[in-house]
Amino acid sequence: MIAAQLLAYYFTELKDDQLKKIDKYLYSMRFSDETLKDIMGRFRREMENGLGRDTNATATVKMLPTFVRSIPDGSEKGDFIALDLGGSNFRILRVKVTQDKKQPVQMESQVYETPDDIIHGSGTQLFDHVADCLGDFIEKQKIKDKRLPVGFTFSFPCVQTKLDEAVLVTWTKKFKASGVEGVDVVKLLNKAIKKRGDYQADIMAVVNDTVGTMMTCGFDDQRCEVGIIIGTGTNACYMEELRHIDLVEGDEGRMCINIEWGAFGDDGSLEDIRTEFDREIDRGSLNPGKQLFEKMASGMYMGELVRLILVKMAKEGLLFEGRITPELLTKGKIETKHVSAIEKTKEGLKKCMDILTRLGVEPSDEDCLAVRHVCTIVSFRSANLISASLGAILSRLKDNKGVARLRTTVGIDGSLYKMHPQYARRLHKTVRRLVPDSDVRFLLSESGSGKGAAMVTAVAYRLTDQARQIQETLAEFRLSKSQLLEVKKRMRVEIERGLKKESHKEATVKMLPTFVRSTPDGTENGDFLALDLGGTNFRVLLVKIRSGKRRTVEMHNKIYAIPIEVMQGTGEELFDHIVHCISDFLDYMGMKSARLPLGFTFSFPCHQTSLDAGILVTWTKGFKATDCEGEDVVELLRDAIKRKEEFELDVVAIVNDTVGTMMTCAYEEPTCEVGLIAGTGSNACYMEEMKNIETVEGTQGRMCVNMEWGAFGDNGCLDDIRTRYDQAVDENSLNEGKQRYEKMCSGMYLGEIVRQILIDLTKRGFLFRGQISETLKTRGIFETKFLSQIESDRLALLQVRAILQQLGLDSTCDDSIIVKEVCGTVSRRAAQICGAGMAAVVDKIRENRGLDHLDITVGVDGTLYKLHPHFSRIFHQTVKELAPKCDVNFLLSEDGSGKGAALITAVGCRQRELDAQQH
C-alpha cells in the first residue's frame, strides 16, 4: 500500500516537474490576460482601419461589407434552395421555412462531388458543373415549374456591392479554376443556368460561410449578431452600424461585416507573439506571409505545430530519449484530430501512446504526459487568440449600442470548436474574463453554411417583399406635382366660394372678415393688455409699445393652465376662470386701477361683425364648453368681468392667432401681408381687396381675411388623396368629418396618422415582430414632437430605438428604419399640401393686383414649422414650385398671439381715433 502511494507521489512530482519544464520551454505560447487585452486592442484598431475609407486599402483585416442588412426576425417563411460551394464537396439543400413551432425548418440535401480536374480547370467548366448539379437536384425534387429563390454560400474572399453580386478576390483552399478571379460569380452561374435553359432560378444572395453561421443561429435566437468559424480555417462576421462603414453609401441601419480575420498580423503587428514554430509553418505553407493569424489559430495548422515542437524537443533530448524517426519528420503526420484525441480526459493518454507508437518513437508514460501538455498549450493558445479577437468585436458592439451591459449571442461552427474536448469551454471562459461587462450566449450552428444561405435568402425575400408592400402603402402619401397643383386649384375654388355672398354659407373655407384694415405703420404707442386662449394653456400679457426712432416692444406675461373640466364644462365657468386669471395677473403687475385697452386672441373659428365682436362658430382643439357656440365671446368676457366687479377693461379687438402672426411680422417687415400657422393646428390669413369680400359693406382698401382653411376638404373635394389612415384618424377624432385638411397637415394629427400606419404594418407582420403593444393601441401616444426627433438627421437609429423604447415599443434596427421612413413620408405630405394651399393664396394676391411678378413676405408661427427638421424646407420648395411667379419670403413670427394681439389693439385704437376725428 505504502509502495503504491510512494509511486503515485513520485509520479506526481515527476509530472509536475516535467510539465514545468515544458511550460518554460513553450513560455512564448502562453499569454497572460494583460497580453490578451493588448491583442484585443490591436485587433480593434485593425477593424477600424478596415472600416475607414482612407485606411482600408492598407488594412490587413479587410472588413468586407456583405450587404446582409438584417438577421432573421422569426417571421420568415417560404421554400428556398441553398448552394454550398466551399470545399471538395458541393452541397445543395432545399430549405422549407414555416411558422410551425415544432419544426420551423425542414431540410433535404444532396452532396455532389467536385472532381479535381474541375477545381483546377476553367471557370466555365466549374459553373457548368454547378448548374448541372442544380438541374439534377431540381428534377429530383420535382420543382422545375417553381421559380425558387436561391441562396449561394461561396466560401472564398469576395468583394460585394450588393447582396446578389460577389466578385472573387482570390481562390483559397486548393481551388484554382481559371477566369473567375475578378469576376462576379453570380453572373457566371446565371450564364451557366441560362445555357442549360431547362429551369429558372433567382439567385438572391451570395454569402460567406461565416455569415451563414450567424444567420442560421439568428433564426433560433434573434439576439445573434456575431458569427464565428473555428475549423480548418477561421473567420468571423458581425453586425456593424452602417454609419461606420465608409465603403458603403448611407448611414441608416446595420450591415453584416465579413471580417476576414485570418489575415490579422500580415503587416507584422503580431511579430512579438509569433514563435519559431509559427515561422517555420508559414515558410512551408502555400501562401507564405499571408493569413498569419489563421496559421496560429485554425485547425488546419494545429497538428503540424505540435509535430514541429515535438521534433525540436526530441532533438534536444527532452522527449523520446532523443529518438527521431522518419515518420516524426514527415509533414502532416500529426493532425488536428489527433490533438483532440490526445486531450480527452479519460482515454487521452492511451490515444497518445497509440499515436506516438505509430510514429515509431517508443514513448514512455512521461513522454505521453509531456506530449499531452504540449497539445494543451497549442490548442489553448488558439482559444486565447480567438477569444481576444472576439473580445474586440464584442467591445465594439457594446460601444456601438451605447449600453452599460451587452447582451448578445455568438453563433459558432467549425470542426475544431465542435470536436475538441476542451476548446469550447476554454474559449467561453476566456471571453467572459476579457469582456466582463457582457452576457454572451454561445450557440452552436447546425449545418450552418447551407441552411445559413437559405436564411439569408429568406430574410432577403422577406425584406424585398416587405419593402415592396411598405412602399405600396406609403405610395398613397407621395403626391405628384400634378396632384399638388390640383390641390392648389381646388383651394382657389374654395377661397372664391368663401368670399362670395351667395356661396359663403355653403363654403367650407369660410374666409372670415377680421375688420383689421391695415398693418402697423410704426406710430403705435401705449400700454396694452393681451389675452391668449387657443389651447390647454392660457396667457395674460402686458405689452408696452413705444414709437419713435427707437421703436421698442416690452412684454410681461404669465401662463395659466385650463383644467380639462373647465374646457368641457359650462361657458360661464370657462370665462369666470379666465377673468380670475386676469385678476391674478393685474395684482402681480400692480395695475388693477388702470383701464387698459385689451386685445383678445381667441384661436377658434369666429364670425366677426366688427373688430370687437366675434361670434364663436364652433369649438375645436378639445374645447367643449356649453352655451358659447353662436354667442359673441367679447360679450361673454365683458359679462364675466362685470360679475367679478374688481377691475375695468376696454376690449378693443378680438384677434385670431394667425392674424396676430401676420401683424407681428408686419411690424418688422412692411411687405408682410400673409400669416400662416403650422403648429398644433393649421390656418392662414392674408390682406384681401375689400371689393372681393362680398360679406362686408364697402369696396375701398383692404381687409385681413381669416381663411380658416383647416376645413378645406370637408365637402369631399380632397377625398381622392385621403388615405384609409386619414379616415381612421378622422373617425377617432372629437369632430368627425370636420377640419379634414388640418387633419392631414397639422401637428395635432401627424403622430396619429403615423400610429395608424404602424398598427397596420405591425398587423401585417412588418414591424415589431407582429406584436402590437398596449402603447401602440393608445390614441395620441405618438406625439408630433417624436416625429421631429425621429426624423432629425443627426439622430442615429440607436436614438430612434431609444425613443421607440420610451413608447414601450421594443424595436429592432430594421423597425427603426421603417418607422423613420413612415414619419418622413407623413410629414413630407403635410408640408406639401400646406405648401399647395399657400401657393393658392400668394397667386391670388398677385392676380388681385394685376402683377406678372409678386414679392411678398409670409409671417409664420407654429411648432411644426419651427421644430420639425424638414417641414419648413419642403414647404418652401413646394410654394416655389407651385407659384413660380411669386417670390415669397418667409419670416418667423415672434409671439403672434401675444404681441400680435397688442399690435392689433394698437392699430384698432389708432383707427378709432381717426374715425372719431372724421365724424
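Residues numbered from 1 in each chain as written. Predicted model: local features only at pLDDT ≥ 70, side-chain atom pairs only at ≥ 80, totals over all residues. Heavy atoms only, no water.

*Asks:* Account for the overall build of the protein chain, with residues named and values stated.
*Replies:* Looking only at helices and strands, the protein chain has 31 helices and 26 strands in total. Here the C-alpha atoms of the protein chain give a radius of gyration of 39 Å, more than 25% beyond the 29 Å that 2.2 N^0.38 yields for 919 residues. Along the three orthogonal principal directions, the C-alpha set of the protein chain runs to about 130 × 70 × 50 Å. Per-residue burial over the protein chain gives 58% buried out of 919 residues. For the protein chain, long-range pairs separated by at least 24 residues make up 70% of all intrachain contacts whose partners lie at least 6 apart in sequence. Total accessible area on the protein chain is roughly 38700 Å²; 50% of this is exposed by carbon and sulfur atoms. Counting 125 positive and 135 negative side-chain charges, the protein chain places the averaged centre of each group 4 Å from the other. (Helix = DSSP H or I, 4+ residues; strand = E, 2+ residues; numbered from the N terminus. Rg over C-alpha atoms; globule rule 2.2 N^0.38 Å. Buried < 20%, exposed > 50% of the residue type's maximum accessible area, 1.4 Å probe, protein only. Contact = heavy atoms within 4.5 Å. Areas by Shrake-Rupley, 256 points an atom, 1.4 Å probe, with all protein chains shown as cover. Lys, Arg positive; Asp, Glu negative; His and termini not counted. Charge placed at Lys NZ, Arg CZ, Asp CG, Glu CD.)

*Asks:* How would you sum up the sheet that holds strand β23 (residues 682-689)? Please name residues and give values.
*Replies:* Taken in spatial order, the six strands make up an open sheet running β14-β24-β23-β22-β25-β26, and their pairing is mixed. Because the sheet does not close on itself, it has two edges, and the strands there are β14 (512-513) and β26 (886-892). In terms of strand pairing, strand β25 (residues 854-861) meets β26 through seven bridges, oriented parallel. When the sheet's bridge partners are listed, Val 860 is paired in β26 with Leu 892. Sitting on the sheet, helix α30 (residues 871-882) is in contact with β22 (672-678) and β26, with an inclination near 160° to β26. (Pairing = 2+ DSSP bridges. Axes fitted to C-alpha atoms, helices over the stretch in contact; angles between N-to-C directions.)

*Asks:* Account for the environment of Gly 896, with residues named and values stated.
*Replies:* Position of Gly 896 relative to the elements: it lies in the loop between β26 and α31 (899-918). Given the relative accessible area of 0%, Gly 896 is considered buried. A C-alpha to C-alpha distance of 6.2 Å links Gly 896 and Asp 657, two positions 239 residues apart in sequence. In contact with Gly 896, other than residues within four places in its own chain, are Gly 660, Thr 661, Thr 664, Asp 861 and Ala 901.

*Asks:* Pulling in residues and values, what's your account of the packing of helix α9 (residues 299-315) against helix α12 (residues 365-401)?
*Replies:* As a packed pair, α9 and α12 sit with axes 10 Å apart at the nearest point and diverge in direction by 135°. The orientation of α9 with respect to α12, classified from their angle, is oblique. For the pair α9 and α12, the crossing hand works out as right-handed. On α12, the residues that touch Met 302, Leu 305, Val 306, Ile 309, Leu 310 and Met 313 of α9 are Val 371, Val 374, Cys 375, Val 378, Ser 379, Arg 381 and Ser 382. Of the residues in the contact of α9 with α12, the class split is ten nonpolar, two polar and one charged. (Parallel < 35°, antiparallel > 145°, perpendicular 65-115°, else oblique. Left-handed = near helix turned anticlockwise from the far one by under 90°. Nonpolar A, V, L, I, M, F, W, Y, C, P; charged D, E, K, R; others polar.)

*Asks:* Describe the environment of Thr 376, naming the residues involved and giving the relevant values.
*Replies:* Within the secondary structure, Thr 376 is located in helix α12. Separated by 391 residues in the primary sequence, Thr 376 and Leu 767 place their C-alpha atoms 49 Å from one another. Setting aside anything within four residues of it in sequence, one finds Thr 376 in contact with Glu 343 and Arg 426.

*Asks:* Outline the pattern of salt bridges, supporting the account with residue identities and numerical values.
*Replies:* This structure, assessed with the given rule, holds 82 salt bridges. Measuring nitrogen to oxygen at the nearest pair gives 2.9 Å for the salt bridge that ties Glu 343 to Arg 426. Remark: Arg 426 occurs in helix α14 (residues 423-434) and Glu 343 occurs in the loop between α10 (336-342) and α11 (348-358); sequence separation between them is 83 residues. A salt bridge links Arg 638 to Glu 635; the shortest N-O distance between them is 3.0 Å. Residue Arg 638 and its partner Glu 635 are located together in helix α20 (residues 633-644), separated by three residues, close to a single helical turn. The partly exposed category is assigned to Glu 635, whose relative accessible area is 35%. (Salt bridge = Lys/Arg side-chain N within 4 Å of Asp/Glu carboxyl O.)

*Asks:* Give me the side chain of Thr 878: which residues, what numbers.
*Replies:* If you trace the backbone, Thr 878 turns up in helix α30. Beyond its immediate chain neighbours, meaning those up to four positions away, Thr 878 contacts Leu 484, Ala 831, Gln 832, Gly 835 and Ala 836.

*Asks:* An account of the sheet that holds strand β16 (residues 537-546) is requested, with residue identities and associated values reported.
*Replies:* With respect to topology, five strands assemble into an open sheet ordered β17-β16-β15-β18-β21, the strand pairing being mixed. This sheet does not close on itself; its edge strands, each paired only once, are β17 (552-561) and β21 (649-655). Along the sheet, successive strands turn relative to each other by an average axial angle of 20°, direction set aside. Running at roughly 155° to β21, α20 makes contact with β15 (526-533), β18 (596-602) and β21 of the sheet. Its contacts with the sheet place α31 against β15, β16, β17, β18 and β21, and it is angled at close to 110° to β21.

*Asks:* Tell me what's going on with the state of the cysteines, and back it up with residues and numbers.
*Replies:* Evaluation of the coordinates by the stated rule reveals zero disulfides. Note on Cys 717: no disulfide assigned, nearest cysteine sulfur contributed by Cys 745 at a separation of 13 Å. (Disulfide = S-S within 2.5 Å.)

*Asks:* Explain the packing of helix α16 (residues 481-499) against helix α28 (residues 813-848) to me, using residue names and the numbers behind them.
*Replies:* As a packed pair, α16 and α28 sit with axes 8 Å apart at the nearest point and diverge in direction by 55°. By the angle between their axes, α16 is oblique relative to α28. Handedness of the α16/α28 crossing: right-handed. Facing α16, whose interface residues are Leu 484, Val 487, Lys 488, Met 491, Arg 492, Ile 495, Glu 496 and Leu 499, α28 presents Gln 832, Ile 833, Ala 836, Gly 837, Ala 839, Ala 840, Val 841, Asp 843, Lys 844 and Glu 847. Across the contact of α16 with α28, the residue classes break down as ten nonpolar, two polar and six charged.

*Asks:* Kindly report on the side chain of His 577, identifying the contributing residues and their values.
*Replies:* Mapped onto the secondary structure, His 577 falls in helix α19 (residues 571-589). Residue classification places His 577 among the buried residues on the basis of a relative accessible area of 19%. Residues in contact with His 577, not counting those within four places in the same chain, are Ala 561, Ile 562, Pro 563 and Val 566.

*Asks:* Give a detailed account of the pairing of strand β10 (residues 234-241), specifying residues and quantitative values.
*Replies:* The buried fraction of β10 amounts to eight of the eight residues, a majority that puts the element mostly inside the structure. Of the two faces of β10, both are covered, the one formed by Thr 234, Ala 236, Tyr 238 and Glu 240 as well as the one formed by Asn 235, Cys 237, Met 239 and Glu 241. Inspection of the sheet shows β10 paired to strand β11 (residues 254-258) by five bridges, in the antiparallel sense. Its bridge partner lying in β11, Glu 240 is registered against Met 255.

*Asks:* An account of the packing of aromatic side chains is needed here, citing residue identities and associated values.
*Replies:* Counted by the stated rule, this structure contains 21 aromatic pairs. Taking 4.9 Å as the distance between ring centres and 85° as the angle between the ring planes, the aromatic pair formed by Phe 604 and Trp 619 counts as edge-to-face. Taken together, the positions of Phe 604 in the loop between β18 and β19 (606-610) and Trp 619 in the loop between β20 (613-616) and α20 put the pair 15 residues apart, joining distant regions of the chain. Every member of this aromatic cluster is reached through a ring pair, and the members are Phe 600, Phe 602, Phe 604, Trp 619 and Phe 623. The ring of Tyr 667 has Arg 551 lying over it, and the distance from NZ or CZ to the ring centre is 4.3 Å. The aromatic ring of Tyr 588 is capped on one face by Lys 558, whose charged end is 4.6 Å from the ring centroid. (Phe/Tyr/Trp six-rings, centres within 6.5 Å; stacked < 30°, edge-to-face > 60°. Lys NZ or Arg CZ within 6 Å of the ring centre and 35° of its normal.)

*Asks:* If you had to explain α11 to someone new, which residues and values would you point to?
*Replies:* Taken residue by residue, α11 has Gly 348, Cys 352, Ile 355 and Leu 356 as its buried positions. Buried residues in α11, looked at end-on, bunch into an arc of 95°, giving them a common side. Seen from the open side of α11, the exposed residues pointing more than 90 degrees away from its buried face are Lys 350 and Arg 358. Each element contacted by the buried residues of α11 is listed here: α9, α10 and α12. (Arc of directions from axis to C-beta.)

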